[in-house]
Amino acid sequence: MDKRLKSALKQNFTPPAPQKRDKFVNNISYPKAKFSSVFLSQIGFIRKRVWVVFALCVYFAFWYVNIAEITNHTISVISAISPLFILCVTSEIYRSTTYNMDELELTCKYNLSKITLMRLCILGVINFIMLLVFIILTRNNDYGVLLSAIYLAVPFLLSSYLSLLIISKIHLKENIYICAGVCSSISIFMLNGTYSFIYNMEYIYLWVIAFFTLSLLLMHCFIRFIKLQEELTWNLS
């Protein structure tokens, strides 16, 4: 079509501005699920393998400390478990993109950013419970509860931060394999007895610095990851 004709049609047949649009949209009949109901329903969407891996990790830690009664390198062995569980959690977070469901979820009342945030909160609670169980199991050692908590938390925070950073920066379905390599490397490093000297008291300040630094980095990466999900700015809410 001629450009001048297009321009003339646009000038002479401009549609009127919509009236009472907000009232019309608010009166649309659609399922108005409560936030709490949607949040609780997300527990059912978490795959069974996450719960199975969680149970296996806790059972292994309990067996290692109380049944096998192996006292050598207890902290390093238990702390090597958390990166492997983080890998399982990362695959769960990235499931929507893996199965090409992110576009569909973005058009829902509770879009992808909200659904992701709900799942992150649920998985975060699971991670915290597991970490708390590990701290309780390893409380009777020469380090004490506080140091044990820091020793166990640092590998957990490091694997969480790097995994979240990878899925935020690298937009490929195969990035889960990169996360697998990173988490496995952290676990292997923790199990390597060659570096057991890092648990000496003279290095405690490095652990404390690493703990607070990784906590801040993980928080920043978490906020950035949620913002990346907010690709659509409209919904019916």
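Located above this text is the structure these notes cover.
Residues numbered from 1 in each chain as written. Predicted model: local features only at pLDDT ≥ 70, side-chain atom pairs only at ≥ 80, totals over all residues. Heavy atoms only, no water.

Thoughts on helix α11 (residues 175-191)
Applied cut-off: Helix numbering and strand numbering both begin at the N terminus, where a helix is a DSSP run of H or I of at least 4 residues and a strand a DSSP run of E of at least 2. In this scheme, a helix's expected span is set at 1.5 Å multiplied by one less than its residue total. Burial here depends on accessible area, computed with a 1.4 Å probe over protein chains only, as a share of the maximum for the residue type. Under 20% is buried, over 50% is exposed, and the range in between is partly exposed. This arc corresponds to the set of directions leading from the helix axis out to the C-beta atoms.
With 17 residues, α11 extends 25 Å from end C-alpha to end C-alpha; this agrees with the ideal 24 Å at 1.5 Å per step. By the burial criterion, the buried members of α11 are Asn175, Cys179, Cys183, Ile186, Ser187 and Met190. When α11 is viewed along its axis, its buried side chains cluster within an angular range of 115° and face the same direction. Facing away from the buried surface of α11 by more than 90 degrees, the exposed residues are Tyr177, Ile188 and Leu191.

A closer look at the packing of helix α6 (residues 81-93) against α11
For clarity, the threshold we go by: Axes here mean lines fitted to C-alpha atoms, for a helix over just the part in contact, with angles spanning 0 to 180 degrees between N-to-C directions. To sort the angles, those under 35 degrees are grouped as roughly parallel, those over 145 as roughly antiparallel, those from 65 to 115 as roughly perpendicular, and the leftovers as oblique. For any pair of crossing helices, the crossing counts as left-handed if the nearer helix is rotated counterclockwise from the farther one by less than a right angle, and right-handed if it is rotated clockwise. It only takes one pair of heavy atoms within 4.5 Å for two residues to be counted as in contact.
Interaxial distance between α6 and α11 falls to 8 Å at its minimum, and their mutual angle equals 165°. Between α6 and α11, the interaxial angle falls into the category roughly antiparallel. Seen along the crossing, α6 lies across α11 with a hand that is right-handed. Only Ile176, Cys179, Ala180, Cys183, Ile186 and Ser187 of α11 make contact with α6, whose side of the interface consists of Pro83, Leu84, Ile86, Leu87, Thr90 and Ser91.

Remarks on the packing of α6 against helix α10 (residues 144-169)
Relative orientation of the contacting elements α6 and α10 amounts to 30°, with a least axis distance of 9 Å. With respect to α10, the element α6 is oriented roughly parallel. For α6 against α10, the interelement crossing comes out right-handed. Residues Ser82, Pro83, Ile86, Thr90 and Ile93 of α6 touch α10, and the partners they reach there are Leu152, Pro155, Phe156, Ser159, Ser160, Ser163 and Ile167.

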